[in-house]
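Listed below are the residues making up each chain.
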Amino acid sequence: MTLPRKDLFHLPDGMIYLDGNSLGPLPKSVDGALSAMVTDQWGQHLIKGWNVDDWMGQPMRVGNLVGRLIGAPEGSVTMGDTLSVKVYQALSAAVQMRPDRKVILSDSGNFPSDLYMAQGLIAQLGQGHELRIVAPEEVADAITEDVAAVMITHVDYRTGRMHDMDAITSKAQDAGAVMIWDLAHSAGAVPVDLAACGCEFAVGCTYKYLNGGPGAPAFIYVHPDVIGDIQPALSGWLGHDAPFAFDLDYRPATGIERMRVGTPPVLQLTALEAAMTAWDGVDMAEVRAASIRLTDLFIELVEARCPELTLHSPRDGDNRGSQVSFEHENGYPVMQALIARDVIGDFRAPNLIRFGFTPLYIDETDVRGAVDILGDVLDNRLWDDPVYHAKGRVT
Ligand SMILES: *Cc1c(COP(=O)(O)O)cnc(C)c1O
């Protein structure tokens, strides 16, 4: 297998798409699968689709496809809801596993929604839990014996800095804490081996590197050794042991299915299931090697061509996910000017321009092309136009 596999994706002519870390492009396998699902399944089978097309089994089926990319054993991952909801499920289960401890440890590089979900859970529990937020480089030392759960994101969404999963997991477990990894910027970006890592929980989304489309469902992994002890906080009927018995009392399903909540998003799962075929035969080690090559090249070329930009990502590829950020005091209009020239990255407040590198469909020619246009935008102050200063609702 060779990378890239650009022919598997719809990529608009002339566009250099360096934002697959935020929303992956449309895989060509998706259009046909979605329209067949709509026409043949929903259209013709209607409610029979739950059985004849196995819509009900889809969260587990797709979970196994995602699981393969993150080293999770068959049957240990399920799909549904959004990542924020999956964070809540993992965290509520984790704190319940350590009733004598009151600290949830996270870091200031975490994505705010994860922290907000922790704050909401703490308020809901009303048991005096504390969310302790430390600098990313201080996480390992902050794992003390009062920590119930360590909840951090493997790859920092702004900087691309990557935590050492195995080392932090061991540290957490040695101190008696439960480990939750958010793999939002890892699944499909860097090799992850959950079975080897041994963490209790992992969660992530599928609209970023997995190309499942806007609003694609999230995934949750729970270690097979602990899933049986978990009492789901979001005890919906499809996480029940026998949903169609319609018992009045909740009784969790065996295994990871207890992390399901309600009716699965069948259209989104159909898109994702088809999108996952882009990974057939792909070795994550090969993706990683290509990603490091592309990001190293990008950094080298940008630093040579654009001295007014300051690198805001780890320089050493081993400590970096699959994205690179640079700082510029006018980062927002710079990115808008780039987007207007069909180089798509994104902006993260207060002043970062961020570029994602996705070896399935990005190659060295794209990297060189993007740097040429970036150089032009900066050299000629093309960003200094009022139209590039106006902020949209989504930045
Ligand atoms: C993208 C991302 C989210 C987004 O959560 P949604 O509920 O899917 O909107 C949450 N956490 C992290 C770490 C992310 O990178």
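Here, the structure is the one placed above.
A short tour of the structure in this document, coming up. (Residues numbered from 1 in each chain as written. Predicted model: local features only at pLDDT ≥ 70, side-chain atom pairs only at ≥ 80, totals over all residues. Heavy atoms only, no water.)

A count of helices and strands for the protein chain gives eleven helices and 15 strands. Over its C-alpha trace the protein chain gives a radius of gyration of 22 Å, about what one expects of a compact globule, namely 21 Å for 395 residues. Seen through its C-alpha atoms, the protein chain measures out along the principal axes to roughly 70 × 55 × 40 Å. Taking all 395 residues of the protein chain together, the buried fraction comes to 54%. If you take every contact in the protein chain between residues at least 6 apart in sequence, the share linking residues at least 24 apart comes to 72%. Split by element, the accessible area of the protein chain, about 16300 Å² in all, is 53% carbon and sulfur. Counting 30 positive and 53 negative side-chain charges, the protein chain places the averaged centre of each group 2 Å from the other. (Helix = DSSP H or I, 4+ residues; strand = E, 2+ residues; numbered from the N terminus. Rg over C-alpha atoms; globule rule 2.2 N^0.38 Å. Buried < 20%, exposed > 50% of the residue type's maximum accessible area, 1.4 Å probe, protein only. Contact = heavy atoms within 4.5 Å. Areas by Shrake-Rupley, 256 points an atom, 1.4 Å probe, with all protein chains shown as cover. Lys, Arg positive; Asp, Glu negative; His and termini not counted. Charge placed at Lys NZ, Arg CZ, Asp CG, Glu CD.)

Looking now at the pairing of strand β9 (residues 201-204). The two faces of β9 match: Phe 201 and Val 203 on one face and Ala 202 and Gly 204 on the other face are all buried. Here three bridges tie strand β8 (residues 178-182) to β9, and the two strands are oriented parallel to one another. Looking at the pairing, Ile 180 lines up with Phe 201 of β9. (Pairing = 2+ DSSP bridges.)

Evaluation of the coordinates by the stated rule reveals 19 salt bridges. Salt-bridge contacts for Arg 61 lead to Asp 54; the nearest nitrogen and oxygen are separated by 3.2 Å. Classification of Asp 54 by relative accessible area gives partly exposed; the value is 35%. With its nearest N and O atoms 3.9 Å apart, the salt bridge here joins Arg 348 to Asp 346. (Salt bridge = Lys/Arg side-chain N within 4 Å of Asp/Glu carboxyl O.)

Before going further, it helps to examine the site of the ligand. Lining the immediate environment of the ligand, one finds Thr 82, Leu 83, Ser 84, Phe 111, Asp 114, Thr 153, Asp 182, Ala 184, His 185, Tyr 207 and Lys 208. Between His 185 and the ligand, the recorded distance is 2.9 Å, taken from a side-chain N or O atom to an oxygen atom. With the chains in place, 86% of the 390 Å² that the ligand exposes on its own is no longer accessible. Partitioned by chemical class, the residues of the shell around the ligand number four nonpolar, four polar and three charged. (Near = heavy atom within 4 Å. Polar contact = N/O pair within 3.5 Å; in protein donor to acceptor, adjacent residues only side chain to side chain. Nonpolar A, V, L, I, M, F, W, Y, C, P; charged D, E, K, R; others polar.)

Where helix α1 (residues 28-45) contacts helix α8 (residues 266-275), the axes come no closer than 8 Å and their chain directions differ by 140 degrees. In this view, α1 runs oblique relative to α8, as classed from their interaxial angle. Regarding α1 and α8, the two cross each other, and that crossing is right-handed. Taken together, the residues of α8 that come into contact with α1 (itself represented by Ser 29, Val 30, Ala 33, Leu 34, Met 37, Val 38 and Trp 42) are Val 266, Leu 267, Thr 270, Ala 271, Ala 274 and Ala 275. Of the residues in the contact of α1 with α8, the class split is eleven nonpolar, two polar and no charged. (Axes fitted to C-alpha atoms, helices over the stretch in contact; angles between N-to-C directions. Parallel < 35°, antiparallel > 145°, perpendicular 65-115°, else oblique. Left-handed = near helix turned anticlockwise from the far one by under 90°.)

Aromatic ring pairs are described here by two measures, namely the spacing of the ring centres and the angle between the planes. Taken as a whole and assessed by the stated rule, the structure comprises ten aromatic pairs. Ring centres of Phe 244 and Phe 246 lie 5.6 Å apart, and the angle between their planes is 85 degrees; this geometry places the pair in the edge-to-face category. Side by side, Phe 244 and Phe 246 carry an identical accessibility label, which is exposed. Judged by centre distance (6.0 Å) and plane angle (65 degrees), the ring pair of Phe 298 and Phe 326 falls under edge-to-face. Of this pair, Phe 298 sits in helix α9 (residues 284-305) while Phe 326 is found in strand β12 (residues 323-327), placing the two residues 28 residues apart along the sequence. Here Phe 298 falls in the buried class, since its relative accessible area comes to 1%. An aromatic cluster is defined as three or more aromatic residues linked by ring pairs; in this entry it consists of Phe 298, Phe 326, Phe 355 and Phe 357. One Lys or Arg, Lys 208, reaches over the ring of Phe 111 and ends 5.6 Å from the middle of that ring. (Phe/Tyr/Trp six-rings, centres within 6.5 Å; stacked < 30°, edge-to-face > 60°. Lys NZ or Arg CZ within 6 Å of the ring centre and 35° of its normal.)

So, on to unusual backbone geometry. Across the junction of Leu 3 and Pro 4, the peptide omega takes the value 0 degrees, indicating a cis bond. On the secondary structure map, Pro 4 appears in the segment before β1 (9-10). In this structure, Pro 350 follows Ala 349 across a cis peptide bond, with omega equal to 0 degrees. Residue placement: Pro 350 occurs in the loop between β14 (346-348) and β15 (352-356). Residue Asn 211 is not a glycine yet carries a positive backbone phi of 60 degrees. If you trace the backbone, Asn 211 turns up in the loop between β9 and β10 (218-222).

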